[in-house]
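Read off the chains here:
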Amino acid sequence: MSAGHTWVIENHDPEDADVAGILEQLLGRDGTLPPEHWRNRAPLVLAVDGRSGAGKTSLAARLAAAAAARCPAGVVLFHLEDLYPGWDGLTEGVRLWTEMLTRLLDGRDAAWRAWDWAAGAPDPAERILSAEAALIIAEGVGASAPGHPEVVPDLTVWLQLPAAQRRRRALARDGELYRPHWERWAAQEDALLTRLP
């Protein structure tokens, strides 16, 4: 598999066949990690990307559970929501993630600080996303590092749903917490996605 391949899903609840196919694309038919993984000593990175409400978090959890049995060296699920610095922080969050991704793809650990949404400030404690994991599944808007063609995950899954459906799903999930912020977040998504080739 060449780095940068994208798997597009237009369904908020992908079939089990999609989950199996994604992992086969990434890990090979027999479930063993490809030889280049061991040459590079870097984790494989699977990005689950798409706009808000598309179903990224639930799909990423399914992929992580299914991959755990096939990657005894370890699977880590990373949520970009923990990284964005607030409701106006999509661009900065993607920049921070891109720096982390650059290190991970080079086989180096990536330090980061979680955003405390309740306090509206970064957590003072530094955390480490270890490059020792066999597979890192990163989910969130911008997980594929759009606008940074020099940094490419091993595989990107892009979830594509109509805006009205995504909005219904997001507000059903987060309710009144998200409602006042939907438009401002959507505008940031629009700006981010205009950077795509």
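Undergrad: Residue-level account of the packing of aromatic side chains, with values.
TA: Enumeration over the complete set of coordinates arrives at five aromatic pairs. Centre to centre, the rings of Trp87 and Trp117 are 5.2 Å apart; their planes meet at 65°, and the pair counts as edge-to-face. Of the two residues, Trp87 is situated in the loop between strand 3 (75-79) and helix 4 (90-105) and Trp117 in the loop between strand 5 (115-116) and strand 6 (121-122); the sequence distance between them amounts to 30 residues. Residue Trp117 is classed as partly exposed on the basis of its relative accessible area, which comes to 31%. Ring plane angle 90° and centroid distance 6.2 Å describe the contact between Trp87 and Trp185, whose orientation is recorded as edge-to-face. Of the two residues, Trp87 sits in the loop between strand 3 and helix 4 while Trp185 sits in helix 6 (residues 182-193), which places them 98 residues apart along the sequence. For Trp185, a relative accessible area of 5% puts it in the buried group. Linked through ring pairs, Tyr84, Trp87, Trp117 and Trp185 together constitute an aromatic cluster.

Undergrad: Describe the sheet that holds strand 2 (residues 44-50), and please don't skip the residues or the numbers.
TA: The parallel open sheet is built from five strands, whose spatial order is 1-9-2-8-3. Only two strands of the sheet have a single partner each, and these edge strands are strand 1 (5-9) and strand 3. Each strand of the sheet is rotated relative to its neighbour by a mean of 20°, with strand direction disregarded. Summarising the sheet, strand 2 and strand 8 (residues 135-139) pair through five bridges and their orientation is parallel.

The rules behind each value
- Residues numbered from 1 in each chain as written.
- Predicted model: local features only at pLDDT ≥ 70, side-chain atom pairs only at ≥ 80, totals over all residues.
- Heavy atoms only, no water.
- Phe/Tyr/Trp six-rings, centres within 6.5 Å; stacked < 30°, edge-to-face > 60°.
- Helix = DSSP H or I, 4+ residues; strand = E, 2+ residues; numbered from the N terminus.
- Buried < 20%, exposed > 50% of the residue type's maximum accessible area, 1.4 Å probe, protein only.
- Pairing = 2+ DSSP bridges.
- Axes fitted to C-alpha atoms, helices over the stretch in contact; angles between N-to-C directions.

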